[in-house]
Amino acid sequence: MSATALLGPIGTVTVATADPAALAVEYERWLGYGVVERRAVSEAEARAWGAPGVAGRPQVLLAPAGRGDSYLRFVESRRPPGYVPLRHLGWNAAEHIVQDCDAVARQLAGSPFEIIGPPADLSFSDQIRAMQVRGPADEVLYLTQIKSKLPIFDTPDAEYPVDRVFIVILGGATMEGLQDAYASRFGVPRAPVIPSKISVLANAYGAPADTLYSIAALPLRGQSFIEADAMPAAAEPRPCLPGELPPAIAIVSFEAETLPAGVEWLAPPAALPGLPYRGRLAGTCRGPAGELVEVIARG
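Everything in this summary refers to the structure shown in the same document. Model, not experiment: these values are computed from the prediction.

Calculation notes
- Residues numbered from 1 in each chain as written.
- Predicted model: local features only at pLDDT ≥ 70, side-chain atom pairs only at ≥ 80, totals over all residues.
- Heavy atoms only, no water.
- Helix = DSSP H or I, 4+ residues; strand = E, 2+ residues; numbered from the N terminus.
- Rg over C-alpha atoms; globule rule 2.2 N^0.38 Å.
- Buried < 20%, exposed > 50% of the residue type's maximum accessible area, 1.4 Å probe, protein only.
- Contact = heavy atoms within 4.5 Å.
- Areas by Shrake-Rupley, 256 points an atom, 1.4 Å probe, with all protein chains shown as cover.
- Lys, Arg positive; Asp, Glu negative; His and termini not counted.
- Charge placed at Lys NZ, Arg CZ, Asp CG, Glu CD.
- Pairing = 2+ DSSP bridges.
- Axes fitted to C-alpha atoms, helices over the stretch in contact; angles between N-to-C directions.

Per the secondary structure count, the protein chain includes five helices and 16 strands. Computed over its C-alpha atoms, the radius of gyration of the protein chain comes to 18 Å, within 12% of the 19 Å expected for a compact globule of 299 residues. Projected onto its principal axes, the C-alpha coordinates of the protein chain cover approximately 45 × 40 × 35 Å. Within the protein chain, the proportion of its 299 residues that are buried is 56%. Counted over contacts in the protein chain with a minimum sequence separation of 6, partners at least 24 positions apart contribute 67%. Split by element, the accessible area of the protein chain, about 11,700 Å² in all, is 54% carbon and sulfur. Counting 25 positive and 32 negative side-chain charges, the protein chain places the centres of these two groups 2 Å from one another.

The following block contains the structure:
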């Protein structure tokens, strides 16, 4: 991993849902996450996200086994019509590091987490085994086991059966557009493009199972990555109701030493209370695929 990346690690993945408390119960029961904070969305947060309609609504933050500084945040937001997982540009999935992919698959039997891609070794390495699920809020999760470390990827160890998000999957119209934007705005190094089979993407578009898609693992600080996926031409912009958050995975929050210069923030960056901010300066912008990118300064 290049040390020049300004972003990283991935700190918080925000999921928009009709009922944050109910969603939290499912993550506690089936994935071993623990609630660490419940509170209302502040006006400052809603303004920062460009979603004034969610101010005052409930949010719940969870962490793996209720520990650590990596969070899932569930925020109440109204869902737009027409959203279909993996059929839109933007944040398409959150990838968790797990201890045993097949054990998690057995654990999820009978749960509201629908397995849309059963455990399988990746097409480009049999040392990485992953499965994909669709959660109760139509969020897509990749659950990935690293059987042995690959020298080209600096990946974390799983301390818990289902641990933190270490990769977020971003779908864009072109690979060049995604790589160029993150390199120019955030100093994220460009990465080699790897032709890969992505069964859940092929299924979503009715394509043959052996279809190859262009992906690249953009390296961040803190053993984190953005997987950039060049989406099929049929992929559409993500729908969003006025004043609301985008459906499913709505925001990804990254740590950084300082907020990068020259970024067009949705609102002036502000010091925000509560988790995940703890009074630190944060700003949110739109990325090249329309995705919401929140940056939280460490200092």
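Let's shift gears to the sheet that holds strand E8 (residues 140-146). Taking strand neighbours across the sheet as the criterion, the eight strands line up as E6-E7-E8-E5-E9-E12-E11-E10 in an open arrangement whose pairing is mixed. With partners counted over all chains shown, the strands left at the sheet margins are strand E6 (114-122) and strand E10 (194-197), one partner each. Pairwise comparison of adjacent strand axes, ignoring direction, gives a mean angle of 30° for this sheet. In this sheet, strand E12 (residues 225-230) lies alongside strand E11 (residues 212-219) in antiparallel orientation, the contact comprising five bridges. When the sheet's bridge partners are listed, proline 219 is paired in E12 with phenylalanine 225. Each of strand E5 (90-98), strand E9 (162-172), E11 and E12 is contacted by helix H4 (residues 175-186), which is oriented at about 5° to E11, the strand it contacts most.

Read these as spatial facts, not as claims about activity.
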